[in-house]
Amino acid sequence: MKIGAITIGQAPRTDVTADIMDIFEGQAELIQAGGLDGLSREEIADFQPKEGDYVLVSRLTDGTSVTFAEWHILPRLQEAIDTMEAEGCRLIMFFCTGKFPETLTARHIPLIYPCDILDRLVPLMTKKSNIICVTPSPLQLAQTEEKWRQYVDKVTSVAASPYGAWEELEKAAERVKDMEADLVVLDCIGYTQEMKRMFEEKTGKMIVLPRTLLARVVSELTDLKKRG
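Residues numbered from 1 in each chain as written. Predicted model: local features only at pLDDT ≥ 70, side-chain atom pairs only at ≥ 80, totals over all residues. Heavy atoms only, no water.

The protein is annotated in an unreviewed UniProt entry as AroM family protein from Faecalicatena acetigenes.

Right, let's talk about the sheet that holds strand β1 (residues 2–7) for a bit. Pairing is parallel in the open sheet, where four strands are placed in the order β2-β1-β5-β6. Each end of this open sheet is capped by a strand with a single partner; those strands are β2 (29–34) and β6 (111–112). Of the strand pairs in this sheet, β1 and strand β5 (residues 92–95) are connected by four bridges, and their pairing is parallel. Bridge pairing in β5 links isoleucine 6 to phenylalanine 94. (Pairing = 2+ DSSP bridges. Helix = DSSP H or I, 4+ residues; strand = E, 2+ residues; numbered from the N terminus.)

All right, on to the sheet that holds strand β7 (residues 130–135) then. The strands that make up a sheet are held in pairs by hydrogen bonds between backbone atoms, and each pair lies either parallel or antiparallel. Across the sheet, which stays open at both edges, the four strands sit in the order β8-β7-β9-β10 with parallel pairing between neighbours. Unpaired on one side and paired on the other, β8 (154–159) and β10 (206–208) mark the two borders of the sheet. Strand-to-strand twist of the sheet, defined as the mean angle between neighbouring strand axes without regard to direction, takes the value 25°. For β7 and strand β9 (residues 183–186), the ladder comprises four bridges, and the chain directions are parallel. Each bridged residue has a counterpart across the sheet, and for cysteine 133 the counterpart in β9 is valine 185. The sheet contacts of helix α4 (residues 114–125) involve β7, β9 and β10, and relative to β9 the element is tilted by about 160°. (Axes fitted to C-alpha atoms, helices over the stretch in contact; angles between N-to-C directions. Contact = heavy atoms within 4.5 Å.)

Leu36, Phe94 and Phe100 are the most contacted members of the largest nonpolar core, which totals 29 residues. Of all the secondary structure elements, the ones that give two or more residues to this core are β2, β4 (65–69), α3 (74–86) and β5. Per element, the largest residue contribution to this core is five residues, and it comes from α3. Counting residues in hydrophobic clusters, the runner-up holds 28 residues, among them Ala28, Leu118, Val208 and Leu214. (Core = buried A, V, L, I, M, F, W, Y, C linked by side-chain atoms within 4.5 Å. Buried < 20%, exposed > 50% of the residue type's maximum accessible area, 1.4 Å probe, protein only.)

A word on helix α8 (residues 210–222). In a regular helix each residue adds 1.5 Å, so 13 residues correspond to 18 Å; α8 covers 18 Å between its end C-alpha atoms and thus fits that length. Where α8 is concerned, the buried positions are Pro210, Arg211, Thr212, Leu213, Leu214, Ala215, Val218, Ser219 and Thr222. (Expected span 1.5 Å × (residues − 1).)

As paired strands, β7 and β8 are joined by six bridges and run parallel to one another. Each residue of the ladder has a partner; that of cysteine 133, found in β8, is serine 157. Read as a crossover between parallel neighbours, the route from β7 over helix α5 (residues 141–148) to β8 is right-handed. (Right-handed = clockwise from strand over helix to strand, strands pointing away.)

Before going further, it helps to spend a moment on the packing of α4 against α8. Where α4 meets α8, the axes come as close as 10 Å, and the angle between the chain directions of the two elements is 95°. The angle between α4 and α8 places the two elements in the roughly perpendicular class. Together, Pro114, Ile117, Leu118 and Leu121 of α4 and Pro210, Leu213, Leu214 and Val217 of α8 make up the contact between the two elements. Each residue belonging to the contact of α4 with α8 can be placed in one class, and the counts come to eight nonpolar, no polar and no charged. (Parallel < 35°, antiparallel > 145°, perpendicular 65-115°, else oblique. Nonpolar A, V, L, I, M, F, W, Y, C, P; charged D, E, K, R; others polar.)

This is the structure:
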């Protein structure tokens, strides 16, 4: 079964698939594409966010990260959607927790956004309606808090990139440890299972990891279970 996977950075996202493909139990063929595919770092530099832009952070195929404004890649994302639908993908999942405009459409298949899953499930997971969101860039702190205030009573955002030094993630976990919130959302598809385990161990709090949550929802939707 073909499933599309669109990253806002460059495909393939081997860092993500390393954590999720076991969930599909070998029953899915993943077709990947990225919003920055084929672009050089110099070309991507022209996409730097300006004041008022929706800020995105993603990974390039060389393992480094880039920060850019969403609107630059929207036509490229639509092209990827069209191609995947033509190739027979049953659905398309996005390897990004950001919010995307409704102008991105597929004619006949679902587009599965992690943010839509998180928006609905996270409020059910926090008894205090008080969460911490870990986000890659300081440029995303305000937009992250503005978004989550629509769904919970209190949110505190902390910047620590999944594409940077491990020590910075540990420092973020130490900050989170003494905060009153009862749930931590690692609010980027780049955070790994290893990072989730570290946050759990250092904070003692419940941790939500978007990449595995997304994969489990998609697995349920497509019934990718081995039949006896």
